[in-house]
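# Observations on the model geometry
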Amino acid sequence: FDRSPAKRIRRIYRKRLKKIVAKHQSSLKYMPPAEQVEFLRNQGVSEEVIGEIQSLYEKARYSAELMTEADAERMREIL
């Protein structure tokens, strides 16, 4: 079980967004990233927070940079 900060960020994102989407009778599985962001926007999440969520997730998913524990904690706080 990989407990690196990048994997934790991705897991937090997936689990929390899945819970939010399930409350509204939708399926995260079939939502592309643009729809996921639009869904958050429709839930009243501010553009600043959405930008931070996207930035952290994309950095964890696609970047070669190492993520820190502070990044993982910030994602947990936001979501």
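Conventions used here
Residues numbered from 1 in each chain as written. Predicted model: local features only at pLDDT ≥ 70, side-chain atom pairs only at ≥ 80, totals over all residues. Heavy atoms only, no water. Core = buried A, V, L, I, M, F, W, Y, C linked by side-chain atoms within 4.5 Å. Buried < 20%, exposed > 50% of the residue type's maximum accessible area, 1.4 Å probe, protein only. Helix = DSSP H or I, 4+ residues; strand = E, 2+ residues; numbered from the N terminus. Contact = heavy atoms within 4.5 Å. Axes fitted to C-alpha atoms, helices over the stretch in contact; angles between N-to-C directions. Parallel < 35°, antiparallel > 145°, perpendicular 65-115°, else oblique. Left-handed = near helix turned anticlockwise from the far one by under 90°. Nonpolar A, V, L, I, M, F, W, Y, C, P; charged D, E, K, R; others polar. Salt bridge = Lys/Arg side-chain N within 4 Å of Asp/Glu carboxyl O. Arc of directions from axis to C-beta.

## Side note on the nonpolar core
In this structure, Ile9, Leu17, Val21, Ile53, Met67 and Met75 are the most contacted members of the largest nonpolar core, which totals 19 residues. Counting only elements with at least two residues in this core, the list comes to helix H1 (5-22), helix H2 (33-42), helix H3 (47-62) and helix H4 (69-78). Tallying contributions element by element places H1 first for this core, with 6 residues. Leave out the neighbours within four places in its chain, and Ile53 touches Tyr13, Leu40, Met75, Ile78 and Leu79.

## A few points about the packing of H3 against H4
Taken N-terminus to C-terminus, the directions of H3 and H4 make an angle of 140°; their axes are 10 Å apart at the nearest point. Between H3 and H4, the angle falls in the class oblique. You can see that H3 and H4 cross each other, and the crossing is left-handed. Within the contact between the two elements, H3 uses Val49, Glu52, Ile53, Leu56, Tyr57 and Lys59 and H4 uses Asp71, Arg74, Met75 and Ile78. Across the contact of H3 with H4, the residue classes break down as 6 nonpolar, no polar and 4 charged.

## A word on the pattern of salt bridges
Tallied over the full model, the rule gives 9 salt bridges. A salt bridge links Arg74 to Glu52; its shortest N-O distance comes to 2.7 Å. On the criterion of sequence distance, the pair formed by Arg74 in helix H4 and Glu52 in helix H3 is long-range, its members being 22 residues apart. In this structure, the salt-bridge partner of Arg76 is Glu73, at a minimum N-O distance of 3.3 Å. Here the residue Arg76 and the residue Glu73 both occupy positions in helix H4, the gap between them amounting to 3 residues, near one helical turn. Residue Arg76 is classed as partly exposed on the basis of its relative accessible area, which comes to 35%. Given the relative accessible area of 34%, Glu73 is considered partly exposed. Sharing partners across several salt bridges, the network here consists of Arg8, Glu69, Glu73 and Arg76.

## Some remarks on H4
It helps to recall that an α-helix has 3.6 residues per turn; residues three or four apart then point in one direction. Asp71, Ala72, Met75 and Ile78 are the residues of H4 that are buried. Axial view of H4: buried residues confined to an arc of 125°, hence all on one face. Opposite the buried face of H4, by more than 90 degrees, sit the exposed residues Ala70 and Glu77.

## Looking at the side chain of Asp71
Mapped onto the fold, Asp71 is located in helix H4. Overall, the relative accessible area of 16% leaves Asp71 in the buried class.

Shape descriptors only; they carry no functional weight alone.
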